[in-house]
Amino acid sequence: MLKSIITPLLWGTAAVLCIIALSVQTQAAQFSMGPGDHYDAQGNIVALDGTLLVTADGTIAENEYTESILNAEASRHGGRTAEGTAAEIQQLNYTVSVSEGTEYYLFEGKTYTKSSLYGNCRLTGYSEENCGTAVTFSGKQAQERHTVAASSGLPIGTVIIIEGTEGPYAAAYNGMYVVEDRGGQKIENEDLIDIFFKSAEESGRVTASGWNRADVWVAEPTA
């Protein structure tokens, strides 16, 4: 009699554990890991610097990193949601690895490290449709997810890392770019970072819902 009771209980417990595990995996999948994100020994998803992102039970942690992701998704879908992924929002065009405490950024076949923080800048967007040409100040053809126009404070050819800090799409334009263009007095005087896009519609989204700000780091190539 006892055996007949215990067996269903064991199966029931196993079923519950399977459901919980599937739930955790599903929520974690909705919050897909970006470059450097990983599982720790407790089963939590953590960022490269150890910041907690998703707990082992599937709960999304409350911090600036996850807040920027959720806010960006809310702006895109008209309501706050945990669906979508860091990779989907950021669409990073580089990969990062860590060796002996140093972060190495692989961008367009070359490896870089963060050299210095240039500043916290406002982001804008431009395109060939806006300007009538895609030929940059440097003489090169502008490329999407590559070319930015910046003030003379950043020399032509400087590789930068953009990390969003605030705004309706705080993390949407994170990536590595090359300063290949200049702009008008507004860019020069206000120290804006103007990102090149294929179309005027895409470039207009950068400021359509308000200003986005980002920390701009100078990237230095490794030897």
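Our subject is the structure that appears above.
Now for a description of the structure that goes with this document. (Residues numbered from 1 in each chain as written. Predicted model: local features only at pLDDT ≥ 70, side-chain atom pairs only at ≥ 80, totals over all residues. Heavy atoms only, no water.)

1. Structural notes on the packing of aromatic side chains
Moving on, step 1. A complete count under the given rule lists 4 aromatic pairs for this structure.
Moving on, step 2. Pairing Y126 with F196 gives two aromatic rings, centres 5.4 Å apart and planes at 75°, and the pair type is edge-to-face. Taken together, the residues Y126 in strand β6 (residues 110-127) and F196 in strand β10 (residues 193-197) connect sequence positions 70 residues apart. Of the two residues examined, Y126 and F196, each falls in the buried class.
Moving on, step 3. The lysine or arginine in question, K114, covers the ring of W217, its NZ or CZ lying 4.4 Å from the ring centre. (Phe/Tyr/Trp six-rings, centres within 6.5 Å; stacked < 30°, edge-to-face > 60°. Helix = DSSP H or I, 4+ residues; strand = E, 2+ residues; numbered from the N terminus. Buried < 20%, exposed > 50% of the residue type's maximum accessible area, 1.4 Å probe, protein only. Lys NZ or Arg CZ within 6 Å of the ring centre and 35° of its normal.)

2. Considerations on the pairing of strand β9 (residues 175-181)
Moving on, step 1. Most of β9 is tucked away, with 7 of its 7 residues classed as buried.
Moving on, step 2. Both strand β7 (residues 147-149) and β9 contribute to a ladder of 3 bridges, which runs parallel. Paired with V148 across the two strands is V179, which belongs to β9.
Moving on, step 3. Both strand β8 (residues 159-166) and β9 contribute to a ladder of 4 bridges, which runs antiparallel. (Pairing = 2+ DSSP bridges.)

3. Details of the environment of S97
Moving on, step 1. Mapped onto the elements, S97 comes out in strand β4 (residues 95-99).
Moving on, step 2. Leave out the neighbours within four places in its chain, and S97 touches T102, E103 and Y104. (Contact = heavy atoms within 4.5 Å.)

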